[in-house]
Amino acid sequence: MSEGFAVIKDKDIKASSRGIDAIKDAFTKAKEEKRSAFIPFITAGDPNILISEELILALSDAGADIIELGVPFSDPVADGPTIQASSQRALKNGITPEDVLTLVRKVREKGCMTPIVLMGYYNPVLQYGLSRFAEKMVEVGADGTIIADLPIEEAHEWRRIASINGLANIFLVAPTTPISRARFIAEASTGFLYYVSVTGITGARTELPEHLQEALRQVKAVSPVPVGVGFGISTPEQVKMLSRIADGIIVGSAIIRVIQRHVTEKDIGFEVNPNLVEDVKKFISELVKAI
Amino acid sequence: MTTTTKKRCGKKAADGRFGPYGGRFVPETLMPALMELEEAYFFYKKDPEFKKELAAILKDYVGRPTPLYEAKRLGEALGGIRVFLKREDLTHTGAHKINNTVGQVLLAKRMGKTRIIAETGAGQHGVATATAAALMGLSCEVYMGRKDTVRQAMNVFRMELSGARVIPVDSGTKTLKDAINEALRDWVTNVRNTHYVIGSVVGPHPYPIMVRDFQSVIGKETKSQIKKVIGKMPDIVIACVGGGSNAMGIFSGFVNEEAVKLIGVEAAGKGLDTDFHSATLCVGSPGVLHGTMSYLLQDKWGQIKGAHSVAPGLDYPGVGPEHSMFKDTGRVKYVAVDDEEALEGFKLLSQTEGIIPALESAHAVAYLKKIAPELKKGTSVVINLSGRGDKDVSTVAQIFKEKKNE
């Protein structure tokens, strides 16, 4: 709340178009190229913080338009086994929200300009201090948040703080959300709106719901911001199918599965196969090609 | 929330807030279901047919009203005070948990849900849910931490006998906290046909209010029973607090009786200065877990810590939002007794009265023993004896055996 940070914010946004503007730009660019924006997810600190840094740079290189960076939490109720395990690995490495912010700072220092959205749960942000967290996000060059357990009714304070800091606050809409409520949520969402493709938790699925395309069209019709779709999307075929309708396509668990295959748990820390970053990059390139 | 619901409720915390606590911090997928549940609950709460059916079940099936028994030998042993035990241990399935589960399952049935899920720690809430589901012919699945399925094998078998499926949870700490996570994930996935029976005054709105209301039968009965016996309100009411449903149940009858001192007893486990306790209100700090804002056991980064108690039903790193408010306002005094003291309470009640309490309830007895020397002769105290100790007998036998060998 100090006067000082407002100055930092203005300078930062002007200098490099960060926050909501950076996300808007990413969608505009994809639209101009007549394709969906591609939005991969990884957990910060899985399998370790140095590899996360390499992964962010690799995702950016391979054509990610926006990167979702998971802030690990001990009790991730919206996540399936794959992302739960990923969070657990990060927590075992002692990763804190402070480390996640530092990671963003590092990739910005290395020249990565891709918008980064922090995805996680409310309590770690609350304990950090809402204002302090937002100020720090601006300072390191993070652009927005997706907080899985912060529905619109509970989000007044965070929306206010995100807004004065120019950060995107991305809400989720689910298949169970009535369309009138979806409109209300979409109007409050900044940057983009996250459409949850399945009634359920995160995790790669072989089949997506039958009526997904129709549901997505309905949500898009009421949303003033671009609509990204995520949960369960794991193959180039699914990406291809959705790329005709969605403004953005989010892939999480399928990427984490590639990471997981390269990691062996040891008594202290994890042993990591040296091909990890290369293999993730390969997988991402296949998905990007399908868009 | 809709305005009609607000009008229907018209009572404090209609929006699910208890001061800064409570609320609804859940994935969007669940929001419509919580609104539907809220709407249905506040409707049926006043529906004469629903009330009649629930009252009949509480009387003929659960065995209410439960007695308020004066424990005279215990009172003498504690220096001449008058101790009254609210005998929730005498309900069907042996703990207060059943008051809530029959209410919620009946509600779920009215809402057209066909499947019931629940979490359980000690297994008492799981047994009570499985029982209610069997009574009303709904399918039931219960999430239980892998560690607890081993510690409480008898309750696993009781649930299975009642036709429920017990699903062991291997994530995280493998105890109650993670069983709730898993039940929430199930609910997110199957929300259209499933009702999640939460077992305590925790979770997103409307659960803390709804569970308190279903448990408030304890407080109502106690209030009229004690009046009949001593002609006035008691001086003190004591209950143990894990999530806090039995405490909320009995306190709700006395919250507006300002002269009655209310005491909630948490589990100090191996000591408040260790990492092995469940004294959320005594030493925790406010945060968000399992859909609600309340006191929590957490580290400085907001990661939730594991909880410990010899009493598995108190083993939870959160607590009800209304208790959190009562802590701040000072209406209820929250204290903690450790595992050793609880075991002493367990022995004391068994020996003086021939009543073996649940280890959870033994915490309330233990705290009374602790403060008894300071109480005036004739002071009247009500203890909510929330459950019976059959489930704990083998655990306690094991502990006493180890002590002998030390």
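Quick look at the structure, then.

Reading guide: rules and limits
- Residues numbered from 1 in each chain as written.
- Chains lettered and ligands numbered in written order.
- Predicted model: local features only at pLDDT ≥ 70, side-chain atom pairs only at ≥ 80, totals over all residues.
- Heavy atoms only, no water.
- Helix = DSSP H or I, 4+ residues; strand = E, 2+ residues; numbered from the N terminus.
- Rg over C-alpha atoms; globule rule 2.2 N^0.38 Å.
- Buried < 20%, exposed > 50% of the residue type's maximum accessible area, 1.4 Å probe, protein only.
- Contact = heavy atoms within 4.5 Å.
- Areas by Shrake-Rupley, 256 points an atom, 1.4 Å probe, with all protein chains shown as cover.
- Lys, Arg positive; Asp, Glu negative; His and termini not counted.
- Charge placed at Lys NZ, Arg CZ, Asp CG, Glu CD.
- Pairing = 2+ DSSP bridges.
- Axes fitted to C-alpha atoms, helices over the stretch in contact; angles between N-to-C directions.
- Expected span 1.5 Å × (residues − 1).
- Buried area = accessible area lost by both parts, 1.4 Å probe.
- Salt bridge = Lys/Arg side-chain N within 4 Å of Asp/Glu carboxyl O.
- Polar contact = N/O pair within 3.5 Å; in protein donor to acceptor, adjacent residues only side chain to side chain.
- Phe/Tyr/Trp six-rings, centres within 6.5 Å; stacked < 30°, edge-to-face > 60°.
- Lys NZ or Arg CZ within 6 Å of the ring centre and 35° of its normal.

Looking now at the overall build of chain A. Each helix and strand in chain A was counted, giving 13 helices and 11 strands. Taking 2.2 N^0.38 as the reference for a compact globule, 291 residues should give roughly 19 Å; the C-alpha atoms of chain A span a radius of gyration of 18 Å, in line with that estimate. Each of the three principal axes of chain A carries a C-alpha extent, and together these read 50 × 50 × 35 Å. Here chain A holds 291 residues, and the buried ones make up 60% of them. Summarising the internal contacts of chain A: among those between residues at least 6 apart in sequence, 73% fall at separations of at least 24. Just so you have it, chain A exposes about 11,500 Å², and 52% of that area is on carbon and sulfur atoms. Each charge class in chain A can be summarised by its mean position, and for the 32 positive and 37 negative side chains these summaries are 4 Å apart.

Each helix and strand in chain B was counted, giving 16 helices and 14 strands. For chain B, the C-alpha radius of gyration of 20 Å lies close to 22 Å, the compact-globule estimate for 406 residues. Dimensions of chain B, computed from the C-alpha atoms along their principal axes, are close to 55 × 50 × 45 Å. Within the span of chain B, comprising 406 residues, buried residues form 66% of the whole. Within chain B, residue pairs in contact and separated by at least 24 positions form 74% of the contacts whose partners lie at least 6 positions apart. For chain B, the exposed area adds up to about 14,600 Å²; of that, 54% sits on carbon and sulfur atoms. A distance of 4 Å separates the average location of the 55 positive side-chain charges in chain B from that of its 45 negative side-chain charges.

Residues and elements named next belong to chain A. Taken in spatial order, the 9 strands make up an open sheet running β5-β4-β3-β2-β1-β9-β8-β7-β6, and their pairing is parallel. Both edges of this open sheet fall to β5 (168–169) and β6 (172–173), since each of them pairs with a single strand only. Two strands pair when backbone bridges link them, and strand β7 (residues 193–196) and strand β8 (residues 227–230) are joined in this way by 4 bridges, in the parallel orientation. Within β8, the position partnered with V196 by the bridge is G230. Contacting β1 (37–43), β2 (67–70) and β3 (116–120), helix α3 (residues 49–61) runs over the sheet at an angle of about 170° to β1. Lying on the sheet, helix α5 (residues 97–109) is in contact with β2 and β3; it crosses β3 at an angle near 165°.

All names here are of chain B. Its 13 residues place the ends of helix α15 (residues 359–371) 19 Å apart at the C-alpha level, agreeing with the 18 Å of an ideal helix rising 1.5 Å per residue. Within α15, 11 of the 13 residues are buried, which leaves the element mostly enclosed by the surrounding structure. For α15, the full list of buried residues reads L359, E360, S361, A362, H363, A364, V365, A366, Y367, L368 and I371.

Going from R64(B) to P65(B), the amide bond is cis rather than trans, its omega being -5°. Topologically, P65(B) is positioned in the loop between α3 (48–62) and β3 (68–70). Cis peptide bonds are those with omega within 30 degrees of zero, and the linkage from H205(B) to P206(B) qualifies with 15°. Mapped onto the fold, P206(B) is located in the loop between β8 (194–197) and α10 (207–230). In the Ramachandran plot, K34(A) falls in the positive-phi region, its phi being about 55° despite a non-glycine side chain. Positionally, K34(A) belongs in the loop between α2 (20–32) and β1. A positive phi is found at T93(B), a non-glycine position, where the angle reads about 75°. Checked against the element boundaries, T93(B) lands in the loop between β4 (82–87) and α5 (97–110). Judged by its relative accessible area of 7%, T93(B) is buried.

Here we come to the interface of chain A and chain B. If you look at the interface, chain A gives 37 residues, while chain B gives 35 residues. Roughly 2,800 Å² is buried in total at the junction of chain A and chain B, and carbon and sulfur atoms are behind 55% of that figure. When residues of chain A are sorted by the area they lose upon contact with chain B, D75(A), V77(A) and E154(A) head the list and together hold 20% of the total. In this structure, the connection of chain A to chain B is made through 3 salt bridges. A salt bridge links R17(B) to E154(A), with the nearest nitrogen and oxygen atoms 2.2 Å apart. Applying the counting rule to chain A against chain B returns 19 residue pairs in polar contact (both at pLDDT 80 or more). Looking at the side of chain A that touches chain B, the elements with two or more residues in it are α4 (81–92), α5, α6 (122–128), β6 and α9 (179–188) of chain A.

The subject of this paragraph is the side chain of K136(A). Residues and elements named next belong to chain A. Within the secondary structure, K136 is located in helix α7 (residues 130–140). Using a relative accessible area of 18% as the deciding quantity, one classes K136 as buried. Residues in contact with K136, not counting those within four places in the same chain, are E98, L101, R105 and Y128.

All names here are of chain B. A sheet is described by the order of its strands in space; here 6 strands give the open sequence β3-β4-β14-β9-β10-β13, paired in mixed fashion. Sheet topology places β3 and β13 (332–338) at the edges, where each strand pairs with a single neighbour. For this sheet, the mean inter-axis angle between neighbouring strands, taken without regard to orientation, is 25°. Here α10 sits on the sheet in contact with β3, β4 and β14 (380–385), set at roughly 145° to β4. Relative to the sheet, helix α14 (residues 339–353) contacts β3, β4, β10 (261–269), β13 and β14, its axis offset from that of β13 by approximately 95°.

Aromatic rings considered in pairs are described by the distance between their centres and by the relative angle of their planes. This structure, assessed with the given rule, holds 15 aromatic pairs over all chains. With a centroid separation of 5.1 Å and an interplanar angle of 80°, the aromatic rings of F43(B) and Y44(B) are classed as edge-to-face. When the ring of Y196(B) is compared with that of Y207(B), the centres are 6.4 Å apart and the planes differ by 55°; the resulting orientation is tilted. Taken together, the positions of Y196(B) in strand β8 and Y207(B) in helix α10 put the pair 11 residues apart, joining distant regions of the chain. With relative accessibility at 0%, the residue Y196(B) sits in the buried group. According to the relative accessible area criterion, Y207(B) is buried, its value standing at 0%. One aromatic cluster is present, built from ring pairs that chain together Y128(A), F133(A), W158(A) and W301(B). Sitting over the ring of F270(A), K92(A) keeps its end group 5.2 Å from the ring centre. The aromatic ring of Y295(B) is capped on one face by K327(B), whose charged end is 5.6 Å from the ring centroid.

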